[in-house]
Amino acid sequence: MSIVENVMNLDSSNTSVLSSTTGLLRIAAEMPYEKQRMVTGLTMMIQKLPKNPINDVTTISETELWNTYFDSLLTCIIVNSERSVMLRWWAQGNNVNSDSCDELISLFNKWIIQDELGKKPLLSPKTSENRLGKLFQLDETVYWICPKRCRLFPQVLNDECSCGEQQFKSNGKPVETMSYFPLGRQLSNLIADKETREMIQDVHEPEPGQMNDIFDGSVYKKLKSTIFQNEQDTIAISLFVDGFAPFKGGDAKMTIVHVVLLSLPPMERYRTKNMLQVAIIPGDHNGDLFSFLTPLLNKLRILEDGGLKVICEDGLFNFKVHLLLASGDIIGVQELIHHKGHNSDYGCRQCHIKTVREIGPAGKGYGRYYTWTNNMSTARKDDEFKNGDKSFHGYSFFGLDELHLVGSNVIKRLWDMISGQCGDLNTTIKVRSSVCSAIGKAIKESNAAIPSGILEGSFR
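Model, not experiment: these values are computed from the prediction.

(A) Inspection of the overall build of the protein at higher detail. Within the protein, the secondary structure is distributed over 17 helices and ten strands. The burial tally for the protein puts 30% of its 460 residues in the buried class. Long-range contacts, defined as pairs at least 24 residues apart, comprise 54% of the intrachain contacts of the protein with a sequence gap of at least 6. Roughly 30600 Å² of accessible area belongs to the protein as shown, and the carbon and sulfur atoms make up 54% of that amount.

If you want it as structure tokens, here you go:
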């Protein structure tokens, strides 16, 4: 039996690891010394194969793969150690984290093993971006911004920033710029795809007595008689503004401007291929957020009045686009509505309930708290907010992402209060430890019943 037959039989589970390695060693015994070493190394690698199948190979990093499943002596023969070390040094010097470096190495190894490079050099990032831009016709629009991230300036404006920071270089070019990728063009690419377009045009049919989606709510039903009369030719979108740290270390902050198509079915609208990133603001929420959103808001006014015309293989389509919801993290929404925040005298952005200053539950420090009330205080009127577009519907226009409550440890704090893990904290929601154990057990057991398509990645 040849080497290939031995390996194929093992891969097809027609023979055991012991039988396969024994057969390979018998073959190696009749070979010259150099070939014996290679076949012996192969038998050592086979013995390191996992006994149980790997369900998700994407969860194994490049480092774990080579350290666990490859023989260290044989690896030194078949890999390029010098260039591997050079690439790792480059990654560390350019603040590329280990996970990203592993993905890059995996991609290079795939090309090398399959000989897909063909001795052709890779393009530079700038050239690759230019070719992608020509392919998808997503030419960026560049805007001048303050180097201190105070604000964005319209293309026709040449004023100085109020912070006094120098805005231009000696050659007359701005010190800092940021890019916008046109919303209209991105929407056009999605609409041009027939399958996506048909999902957008598929009108949501509400089920009596059930609220399964945003279109079942009272806000949409009120707007349906005006701007959503022709649902097949109308696209409802939501805007999310959220700050994030691009690197695990360092103080760098950025803010993503993210658009979701609500007109797509719930199980489709949050897929990566169907969501649109309009811009990345190079800073957190500490500037004039509205100045950074001005290009997008101006485009939305055009799309809701004039519509978006797209020429497809099966005809011309004209869609009106309306912003139905603006949301994000707590601070992001706070800036969208020009609110001082939940620590102000009137900390609720929906009503006029007044907070009181009291000492904290743990007896340390002061905070702003809401007194108990059975009924909602007087709701804020529409004219308390900035003028919105046609689909603006008052305080309910600005949402709050529930996952930010989870990510901000609010749920953890509530659980600490419920389970009595806050020390001497006096709380009315504390329950017995036996009840907490039962709740925890039920949550753990329910994990297997969560459909795999609902949550992905770390949220799973």
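(B) Fine view of the packing of helix H2 (residues 17-29) against helix H3 (residues 33-47). Taken N-terminus to C-terminus, the directions of H2 and H3 make an angle of 175°; their axes are 9 Å apart at the nearest point. Here H2 lies roughly antiparallel to H3, going by the angle between them. Mapping the contact onto sequence places Val-17, Ser-20, Thr-21, Leu-24, Leu-25, Ala-28 and Ala-29 in H2 and Gln-36, Val-39, Thr-40, Leu-42, Thr-43, Ile-46 and Gln-47 in H3. In terms of residue class, the contact of H2 with H3 is built from eight nonpolar, six polar and no charged.

(C) View of the environment of Pro-265. Of note, Pro-265 is situated in the loop between strand E5 (254-261) and helix H12 (266-269). Judged by its relative accessible area of 31%, Pro-265 is partly exposed. For the pair formed by Pro-265 and Asp-213, sequence separation is 52 residues and the distance between their alpha carbons is 9.1 Å.

(D) The pairing of strand E1 (residues 141-145), seen in detail. Pairing of E1 with strand E3 (residues 176-180) involves five bridges; the strand directions are antiparallel. For Tyr-143, the partnering residue across the bridge sits in E3 and is Met-178. Pairing of E1 with strand E2 (residues 152-153), which is carried by two bridges, proceeds in the antiparallel orientation. Following the sheet pairing, Trp-144 is matched in E2 by Phe-153. A loop of six residues connects E1 with E2, the two strands running antiparallel in sequence, and Arg-149 in this loop sits at a positive phi of about 65°.

(E) Structural view of the packing of aromatic side chains. Under the defined criterion, the tally for this structure stands at five aromatic pairs. Aromatic side chains Trp-144 and Phe-168 sit 4.7 Å apart centroid to centroid with 45° between the ring planes, which places their arrangement in the tilted category. Separated by 24 residues along the polypeptide, Trp-144 in strand E1 and Phe-168 in the loop between E2 and E3 bring together distant segments of the chain. We classify Trp-144 as buried; its relative accessible area is 8%. Ring centres of Phe-215 and Tyr-220 lie 4.8 Å apart, and the angle between their planes is 80°; on these two criteria the pair is classed as edge-to-face. Per residue, the accessibility class of Phe-215 equals that of Tyr-220, and both read buried.

(F) Structural view of the side chain of Arg-380. One can find Arg-380 in the loop between strand E10 (366-370) and helix H15 (402-407). Engagement of the side chain of Arg-380 in a polar contact is seen with the backbone oxygen of Tyr-346, the distance being 3.3 Å. From its side chain, Arg-380 meets the backbone oxygen of Cys-348 in a polar contact 3.0 Å long. Aside from chain neighbours lying at most four places away, what touches Arg-380 is His-339, Tyr-346, Cys-348, Arg-349, Gln-350, Cys-351, His-352, Phe-385 and Tyr-395.

(G) How the structure looks around the pattern of salt bridges. Counted by the stated rule, this structure contains six salt bridges. The salt bridge partner of Glu-268 is Arg-271, with a shortest N-O separation of 3.5 Å. Salt-bridge contacts for Arg-368 lead to Asp-345; the nearest nitrogen and oxygen are separated by 3.1 Å. Residue Arg-368 is located in strand E10, and its partner Asp-345 is located in the loop between helix H14 (330-336) and strand E9 (355-359); the two are separated by 23 residues in the primary sequence.

(H) The arrangement of the pairing of strand E4 (residues 234-244) in detail. Within E4, eight of the eleven residues are buried, leaving the element largely enclosed by the surrounding structure. Of the strand pairs in this sheet, E4 and E5 are connected by eight bridges, and their pairing is antiparallel. The residue of E5 that forms the bridge with Val-241 is Val-257.

(I) View of the packing of helix H9 (residues 183-192) against helix H10 (residues 194-201). H10 packs onto H9 with a crossing angle of 95° between their chain directions and a minimal axis gap of 5 Å. Of the possible angle classes, the one that applies to H9 and H10 is roughly perpendicular. In this structure, H9 uses Leu-190, Ile-191 and Ala-192 to contact H10, whose residues at the interface are Lys-194, Thr-196, Arg-197 and Ile-200. Of the residues that constitute the contact of H9 with H10, the class distribution is four nonpolar, one polar and two charged.

(J) Layout of the confidence of the model for the protein. Per-residue confidence for the protein averages 77 on the pLDDT scale, and 76% of its residues sit at or above 70. Per-residue pLDDT, averaged within each element of the protein, yields its smallest value for helix H5 (residues 72-78) (51) and its largest for strand E6 (residues 276-281) (90).

What counts and what doesn't
Position numbers for residues start from 1 in each chain and track the written sequence from start to end. With pLDDT at 70 or above as the cut-off, local features in this predicted model cover only qualifying residues; side-chain atom pairs require 80 or more to be listed or tallied, and sums for whole chains, interfaces and linings still use all residues. Water and hydrogen atoms were dropped before computing side-chain values, which therefore reflect all heavy atoms in the structure. Comment: elements are numbered from the N terminus, with helices defined as DSSP H or I runs of at least four residues and strands as E runs of at least two. Throughout, exposure labels follow a simple rule: accessible area from a 1.4 Å probe, protein chains only, divided by the maximum for the residue type, with under 20% read as buried, over 50% as exposed, and the rest as partly exposed. Residue contacts are defined here by distance: any two heavy atoms, one from each residue, within 4.5 Å place the two residues in contact. Computed by Shrake-Rupley with a 1.4 Å probe, the accessible areas treat only the displayed protein chains as cover when residues are assessed. Comment: axis = line fitted to C-alpha atoms, over the contacting stretch for helices; angle = value between 0 and 180 degrees taken between N-to-C directions. Each angle receives one of four descriptions, namely roughly parallel if under 35 degrees, roughly antiparallel if over 145, roughly perpendicular if within 65 to 115, and oblique otherwise. In this count, Pro and Cys sit with the nonpolar residues alongside Ala, Val, Leu, Ile, Met, Phe, Trp and Tyr, while Asp, Glu, Lys and Arg are called charged and the others, Gly among them, polar. In this scheme, strands are said to pair when DSSP sees at least two bridges between them. Working definition: a ring pair exists when centres of Phe, Tyr or Trp rings (six-membered ring for Trp) sit within 6.5 Å. Plane angles under 30 degrees give stacked, over 60 give edge-to-face, the rest tilted. In the analysis that follows, any N or O atom pair within 3.5 Å is treated as a polar contact, provided that within protein one partner can donate a hydrogen and the other can accept it, and provided that, for residues neighboring in sequence, both atoms belong to side chains. Any Lys or Arg side-chain nitrogen located within 4 Å of an Asp or Glu carboxyl oxygen qualifies as a salt bridge. Scored from 0 to 100, pLDDT records how confident the predictor is in each individual residue.

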